Amino acid sequence: MELNDIDAASVTHGQLQKELWRTAQSPWKSGILPSAESLARARASLPAHLSQEGIGFEASKNHVLTDIVPAFNGSSICPNYYGFITGGVTPAALFADNVVSTYDQNVQVHLPEHSISTDVESCALGLLVDLLDLERGNWHHGTFTTGATASNILGLACGREYAIRLAGMKNGHSALSVGDLGLFEAMQAAGISGVQVLSTLPHSSLAKAAGVLGIGRSNVKNVCQEENPLKFDLARLESELQKSDKATIVAVSCGEVNTGHFATSRKEDMQALRQLCDKYGAWIHVDGAFGIFGRVLENSAEFASIRKSCDGIELADSITGDGHKLLNVPYDCGFFLCRHGDEANNVFQNANAAYLTAGNSAQPSIPSPLNIGIENSRRFRALPVYTTLVAYGKTGYRGVLERQIRLARMVAAWLFDHPAYNVLPESLSKEQLSEQTYMSVLFSAKEDELNKYLAKNINDTAKMFVSGTSWQGRSACRIAISNWRVNEVRDFAIITAVLDAIAGNAQN
Ligand SMILES: *Cc1c(COP(=O)(O)O)cnc(C)c1O
């Protein structure tokens, strides 16, 4: 088939967007996961090999809409999908994402005379810094990434660069750079044998980042309190920091993914970490993929516990945040903020490519993204962030998060009183749960038989979807409320009806 302009015009036309939106609303009325038949039909429709001629635009469009789309899940569209932390897509972000695809800007070099895209990206980062109540003066360096995993890679890479350089200074080297010398030579010159990442129940992607960066997954260590795995044991932390043959990055779980609880409870906790890390030349990276959005809340009695748990995060060296979770922009989008302007450039500079230099930039303060992040060519994923923040402002996001937290707390209190279920961690009282629950609830069934298939039984109802996980060796379920379409009254009724029915069935 010939590729011609008519095809391009019909894709960009509003008609197709309307058609897509209509189909996007319909398939999930009967459930959140696709039926086995839809999956089988979609699988059978996939061609075994590339056809010589192609079937053309119209036929391929119909194939996608009628064969493939019905086999998608409703994770982002259905407000009762509580698996992972999936988020939804705000109308403004959806609009902007379609603009991104249509105009297909490549945001890699700051070329202010060629496109406004890098200016918009820089502005969007500033709006995010405002949203998160951080100071622009300290947090002007950052970039958009594909997600929190990529941001964690950036954070550990910058921390590795910094901590090894400081170790090198003690050994008489003024400016060792891993980006320049490589890890092995830089560590040898610094007189150290490794880099360690100290944390409390870090997200799995932190170990992945350590693997990618030559730090090693086994060098990501928990330094948790004996009685509370979510909090740092400062004495253990200090004894690890004292090891003179290691460079150290401290990773703060600002929102632990299973429980939604925070590693720090107040600003003083971060100050204590900062003091220790300054003493031993360590870097502090905050993984705030979803937790950092707690800073959107006001310090009201209802939300003070969450707001305080994100206080002091401004003392960190770098911060990871996700766009496709609580910000409710489409996949894929994350962001990385850093207080040290040069660190990312030391690692990620795309050196020696004269044809990619920005030339005489009118705004030299905007760095070319290709020098501070993983990719060279990049999607304009900043535009949906920009548009949704311009559209709904701080109040819009605060309102959504408040509703998500209220629903989570209603569910946690209801589960706490339920004869068949436990809320986790079990050490928390009902009062503590009502103050400390963020937008997710971790729970299990008391009876092993009920617990074994709990996630499956819940998800089989097709009325809601939860993630199965495990907590202290026992399987558990997690309800993560992250969609902007949350409605406390409607959704509380749905959740409790499903969980009551499952507990009741098990008893009969
Ligand atoms: C989800 C999550 C990640 C990984 O995020 P991706 O966007 O899937 O890459 C990292 N850290 C935390 C705390 C998370 O919740």
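So, here's what we can say about the structure. Please read these numbers as outputs of a predicted model, since none were measured by experiment.

### Remarks on the overall build of the protein
Counting secondary structure elements, the protein contains 19 helices and 12 strands. On C-alpha atoms alone, the protein measures out to a radius of gyration of 24 Å, which is about the 23 Å that the 2.2 N^0.38 rule sets for 508 residues. Projected onto its principal axes, the C-alpha coordinates of the protein cover approximately 70 × 65 × 45 Å. Each of the 508 residues in the protein was classed as buried or not, and the buried ones make up 51%. Positive and negative side-chain charges in the protein, numbering 43 and 52 respectively, have mean positions lying 3 Å apart.

### Comments concerning the sheet that holds strand S10 (residues 440-445)
Taken together, five strands build an open sheet; the order of strands is S1-S11-S12-S10-S9 and the sheet is mixed. One side of each edge strand has no neighbouring strand; the edge strands of this open sheet are strand S1 (81-82) and strand S9 (421-424). Two strands pair when backbone bridges link them, and strand S11 (residues 465-471) and strand S12 (residues 474-480) are joined in this way by five bridges, in the antiparallel orientation. Counted as the bridge partner of Ser 467 is Arg 478 from S12. Along the sheet face, helix H15 (residues 382-417) touches S1, S9, S10 and S12 and points at about 20° away from the line of S10.

### Section: the packing of aromatic side chains
According to the stated counting rule, one finds six aromatic pairs in the structure shown. Each member of the aromatic cluster is reached from another via a ring pair, and the members are Phe 262, Phe 290 and Tyr 438.

### Side note on empty space enclosed by the protein
Following the criterion strictly, the structure yields five cavities of 30 Å³ or more and no others. Approximately 60 Å³ is the volume found for the largest cavity. Around the largest cavity sit Phe 293, Val 296, Leu 326, Tyr 397, Val 400, Leu 401 and Gln 404, which together line it. When the residues that make up the lining of the largest cavity are grouped by side-chain class, the tally is six nonpolar, one polar and no charged. Its boundaries defined by the atoms lining it, the second largest cavity holds a volume of some 50 Å³. Taken together, Thr 143, Phe 144, Thr 145, Thr 146, Ala 150, Leu 154, Gly 373, Ile 374, Glu 375 and Arg 378 make up the full set of residues lining the second largest cavity. For the lining of the second largest cavity, the secondary-structure elements that each account for two or more residues are strand S2 (141-145) and helix H7 (148-170). Ranked by residues supplied to the lining of the second largest cavity, first place goes to S2 with three residues. Grouping the constituent residues of the lining of the second largest cavity by class yields four nonpolar, four polar and two charged.

### Observations concerning the sheet that holds S2
Here seven strands make up an open sheet; going across it, the order is S2-S8-S7-S6-S5-S3-S4 and the pairing mixed. Bordering the open sheet on either side are S2 and strand S4 (220-222), each of which pairs with just one other strand. With direction set aside, neighbouring strand axes in the sheet form an average angle of 20°. Inspection of the sheet shows strand S5 (residues 246-253) paired to strand S6 (residues 283-287) by five bridges, in the parallel sense. Counted as the bridge partner of Ser 253 is Asp 287 from S6. Against the sheet, helix H11 (residues 234-241) touches strand S3 (194-199), S4 and S5, its axis set at about 170° to S3.

### Some thoughts on the packing of helix H3 (residues 36-45) against helix H4 (residues 57-68)
One way to put it is that H3 packs onto H4 with a least axis distance of 9 Å and a crossing angle of 150°. Relative to H4, the element H3 is oriented roughly antiparallel. Facing Ser 38, Arg 41, Ala 42 and Ser 45 of H3, the residues of H4 in contact are His 63, Thr 66, Asp 67 and Ile 68. Across the contact of H3 with H4, the residue classes tally to two nonpolar, four polar and two charged.

### Description of the environment of Phe 290
Note that Phe 290 resides in the loop between S6 and helix H13 (304-309). Setting aside its immediate chain neighbours within four residues, Phe 290 contacts Ile 85, Gly 255, Glu 256, Val 257, Gly 260, Leu 326, Tyr 438 and Met 439.

### Quick look at the state of the cysteines
If you walk through the whole model with that rule in mind, you get zero disulfides. Not engaged in a disulfide, the cysteine Cys 224 finds its nearest cysteine sulfur in Cys 277; these two sulfurs lie 15 Å apart. Overall, Cys 224 belongs to the buried group, its relative accessible area being 10%. Of all cysteine sulfurs, the one in Cys 158 lies closest to Cys 338, which takes part in no disulfide; the gap is 4.8 Å.

### Observations regarding the site of the ligand
Taken together, 14 residues sit near the ligand, with Thr 149, Asp 287, Asp 322, His 324 and Lys 325 positioned nearest. Contact between the ligand and Asp 287: a nitrogen atom at 2.7 Å from a side-chain N or O atom of the residue. For the ligand, an oxygen atom lies 2.8 Å from a polar atom in the side chain of Asp 322. Across the complex, the protein chains shield 84% of the 380 Å² of accessible surface that the ligand would expose by itself. The greatest single-element share of the shell around the ligand, amounting to three residues, is contributed by H7.

### A closer look at the pattern of salt bridges
Evaluated as defined, the whole model comprises 26 salt bridges. Between Arg 295 and Glu 314 there is a salt bridge; the shortest N-O distance is 3.0 Å. In this pair, Arg 295 is assigned in the loop between S6 and H13 and Glu 314 in the loop between H13 and strand S7 (318-322), connecting sequence segments 19 residues apart. Between Arg 339 and Asp 317 there is a salt bridge, and its shortest N-O distance comes to 3.8 Å. In this pair, Arg 339 is assigned in the loop between strand S8 (334-338) and helix H14 (343-348) and Asp 317 in the loop between H13 and S7, connecting sequence segments 22 residues apart. Each of Arg 274, Asp 278, Asp 317 and Arg 339 takes part in a single network of salt bridges with overlapping partners.

### Quick word on the environment of Asp 133
Here Asp 133 lies in the loop between helix H6 (117-131) and S2. For the pair Asp 133 and Glu 268, spaced 135 residues apart in the sequence, the C-alpha separation amounts to 18 Å.

Parameters at a glance
Residues numbered from 1 in each chain as written. Predicted model: local features only at pLDDT ≥ 70, side-chain atom pairs only at ≥ 80, totals over all residues. Heavy atoms only, no water. Helix = DSSP H or I, 4+ residues; strand = E, 2+ residues; numbered from the N terminus. Rg over C-alpha atoms; globule rule 2.2 N^0.38 Å. Buried < 20%, exposed > 50% of the residue type's maximum accessible area, 1.4 Å probe, protein only. Lys, Arg positive; Asp, Glu negative; His and termini not counted. Charge placed at Lys NZ, Arg CZ, Asp CG, Glu CD. Pairing = 2+ DSSP bridges. Contact = heavy atoms within 4.5 Å. Axes fitted to C-alpha atoms, helices over the stretch in contact; angles between N-to-C directions. Phe/Tyr/Trp six-rings, centres within 6.5 Å; stacked < 30°, edge-to-face > 60°. 1 Å grid on protein atoms, 1.4 Å probe; cavity = no way out; pocket = protein on both sides within 12 Å on 5 of 7 lines; lining within 4 Å. Points joined across faces, edges and corners; volume = space filled by probe spheres on them. Nonpolar A, V, L, I, M, F, W, Y, C, P; charged D, E, K, R; others polar. Parallel < 35°, antiparallel > 145°, perpendicular 65-115°, else oblique. Disulfide = S-S within 2.5 Å. Near = heavy atom within 4 Å. Polar contact = N/O pair within 3.5 Å; in protein donor to acceptor, adjacent residues only side chain to side chain. Areas by Shrake-Rupley, 256 points an atom, 1.4 Å probe, with all protein chains shown as cover. Salt bridge = Lys/Arg side-chain N within 4 Å of Asp/Glu carboxyl O.

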